[in-house]
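If you want the building blocks of each chain, they are given just below.
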2 protein chains.
Amino acid sequence: MIDDNRHRILNAAARIYAQHGWRGATTRRIADEAGVNEVTLFRHFGSKESLLDQMMQVCAAARANGPTLPLVPENPQDELFEWSSAQHALITGMRSIVRQMISEAEERPRVGGCAADGPAAAAGELRDYMVRLRRAGIIADHVPPVEATAAATMLMGALFADAMNRDLMTTMFPQSVDESLRAYVRIFLRGVGALPEQVADDSRSATRSTTLTSVSE
Amino acid sequence: MIDDNRHRILNAAARIYAQHGWRGATTRRIADEAGVNEVTLFRHFGSKESLLDQMMQVCAAARANGPTLPLVPENPQDELFEWSSAQHALITGMRSIVRQMISEAEERPRVGGCAADGPAAAAGELRDYMVRLRRAGIIADHVPPVEATAAATMLMGALFADAMNRDLMTTMFPQSVDESLRAYVRIFLRGVGALPEQVADDSRSATRSTTLTSVSE
DNA sequence: TGCATATGCAAGCACATACTTGCTCCGCAA
DNA sequence: TTGCGGAGCAAGTATGTGCTTGCATATGCA
């Protein structure tokens, strides 16, 4: 309500930046998108750089609360699927802006750092969950911990690549998001040495909860 | 030799575009990088758009010959590792330019199409190899074909994400490229139902060939 | 009523960028 | 020697872009 224009400008800046990148996000375009005179933009933020900096901070803060995995694992397959689903939805929601940040990370290191810690936190969460799985006896002991780390990176990488590329390389993703994520999780669990009875080939369970497309919270 | 400047300009354009993107790749910068007067750039290519278009075509042609997987699988683990290694090196070598292309794919669809078919071909190669694995009895029958497709996408996604993000998000990749790729392949094989004796936990084999960092051919 | 703050509008400035024009110089082949 | 094509150089044009200034208007608070 108060300082409404400030938020309008920040939101407009996020949209324009996601579409056109740093150089393409001109102050005129941002002001137009916000429905605001270009001058008020400078009166509020002083410079384009300062505006985009603040926009990134807001963006990073908004993304802070990612999904979590349960402290005591019970049904790893379902738990991991829901977590992956939320993670995937999160990345998909910011894919445009993330693409821009990544492409500009070499030129503007500050931008890159902003985009990096989200996935890093997620991978950490996954690794922690996996030691819980091992302690609970769900994951066999013969898989070395180094491989568990790599497995976490691998699943995160697959989720990341899926969310980033699915809309661009349509031929590479013939299956629906749900089907793909379910398969990723099953392959992950088998690959990491989960005992066979933990990895049900759930044709029923898959169709049962195929209705939910994204988990927002 | 003949038309030397043409190639110099095209190479310079590729380098500058990879660093700064479309908007950042100004004709002045490209001409400077090529050691050539800006005017000769226009005399050769007519416009910036035409120059960058031709640069992308050259780039796509150079990337055409990716690695292949053997027609008759013998040692899936080693074969997949070498293929993954080559694939990873290929993506790593073009990661800057790929990052730019992806970030501009929404704005300039032509650019996106150019970047898409490389990974698509690789995923196809992987899928074909997997049906050979199944026919050879190396992969168990109880894994449905749908999941095999997803597995191929998953491995490709992990390779892609690793190659694209390793230099930016250093904390997410504590292990060396070789260690990671070897682990990805093992997890992939186990996850896809490869019979246990095919997936050796090769502490020796891993250290043995840990010296080669990239397979160029 | 008064005053401060926020906003809009019009204009402008300095610079960068895509692209053009006109000229000169150089090497090479007829 | 003449002519021709490729290249450099200097200058210029039209537009885009970040940012400033000056002035008018509205809104809300004392």
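Residues numbered from 1 in each chain as written. Chains lettered and ligands numbered in written order. Predicted model: local features only at pLDDT ≥ 70, side-chain atom pairs only at ≥ 80, totals over all residues. Heavy atoms only, no water.

Notes on the confidence of the model for chain A
Residue and element names in this part refer to chain A. Model confidence for chain A is summarised by a mean pLDDT of 88, while 88% of its residues fall at 70 or above. Per-element confidence in chain A ranges from a low mean pLDDT of 39 for helix α10 (residues 203–208) to a high of 98 for helix α2 (residues 27–34). Between residues 202–217, whose pLDDT stays under 50, and residues either more than four places distant or in other chains, the model counts 17 contacts. (pLDDT = per-residue confidence, 0-100. Helix = DSSP H or I, 4+ residues; strand = E, 2+ residues; numbered from the N terminus. Contact = heavy atoms within 4.5 Å.)

Things to note about the pattern of salt bridges
Per the stated rule, a full pass over the model turns up 24 salt bridges over all chains. For E38 of chain B, the salt bridge identified is with R28 of chain B, shortest N-O distance 2.9 Å. With E38 of chain B in helix α3 (residues 38–45) and R28 of chain B in helix α2 (residues 27–34), this pair connects stretches of sequence that are 10 residues apart. The partner of E49 of chain B in a salt bridge is R110 of chain B, and the shortest N-O contact between them spans 3.0 Å. Of this pair, E49 of chain B sits in helix α4 (residues 48–62) while R110 of chain B sits in helix α7 (residues 109–135), placing them 61 residues apart in sequence. The partly exposed category is assigned to E49 of chain B, whose relative accessible area is 42%. Bridged by salt links that share partners, the residues R95, R99 and D167 of chain A together with E106 of chain B form one connected network. (Salt bridge = Lys/Arg side-chain N within 4 Å of Asp/Glu carboxyl O. Buried < 20%, exposed > 50% of the residue type's maximum accessible area, 1.4 Å probe, protein only.)

So, the protein's contact with DNA strand C
Residues in contact with DNA strand C amount to 15 residues; listed here are only the nearest, T40, R43 and H44 of chain A together with R28 and K48 of chain B. The share of sugar and phosphate among atoms of DNA strand C within 4 Å of the protein is 55%. In this structure, a phosphate oxygen belonging to DNA strand C sits 2.7 Å away from a main-chain N or O atom of K48 of chain B. Elements represented by at least two residues in the surface near DNA strand C include exactly α3 (38–45) of chain A together with α2 and α3 of chain B. (Near = heavy atom within 4 Å. Polar contact = N/O pair within 3.5 Å; in protein donor to acceptor, adjacent residues only side chain to side chain.)

Quick notes on α4 of chain B
Residue and element names in this part refer to chain B. Given a rise of 1.5 Å per residue, 15 residues ought to cover 21 Å, and the 21 Å separating the end C-alpha atoms of α4 matches this to within 8%. Those residues of α4 not exposed but buried are L51, L52, M55 and M56. Angular distribution of buried residues about the axis of α4 spans 135 degrees; they occupy a single face of the element. Summarising the geometry of α4, the exposed residues directed more than 90 degrees from the buried face are Q57 and A61. Contact partners of the buried residues in α4: α1 (4–24), α2, α3, α6 (95–104) and α7. (Expected span 1.5 Å × (residues − 1). Arc of directions from axis to C-beta.)

Focus on the side chain of R166 of chain B
All names here are of chain B. Note that R166 resides in the loop between α8 (145–165) and α9 (177–191). Taking relative accessible area as the criterion, R166 reaches 16% and is therefore assigned buried. Within polar-contact distance, the side chain of R166 engages the side chain of S180 at 3.1 Å. Here R166 is in contact with H88, A161, F173, Q175, S176, V177 and S180, once residues within four sequence places are set aside.

A word on the interface of chain A and chain B
Between chain A and chain B, the residue contacts involve 47 residues of the former and 47 residues of the latter. Carbon and sulfur atoms make up 65% of the area that chain A and chain B hide from each other, which totals about 4,300 Å². Of all residues in chain A, M154, M172 and I187 of chain A give up the largest surface area on contact with chain B, accounting jointly for 16% of the area buried on that side. The interface formed by chain A and chain B holds six salt bridges in total. Between the two partners, chain A and chain B, sit 17 residue pairs in polar contact (both at pLDDT 80 or more). The set of elements that each furnish at least two residues to the side of chain A that touches chain B consists of α1 (4–24), α6 (95–104), α7 (109–135), α8 (145–165) and α9 (177–191) of chain A. With 14 residues, α8 of chain A is the largest single contributor of residues to the side of chain A that touches chain B. (Buried area = accessible area lost by both parts, 1.4 Å probe.)

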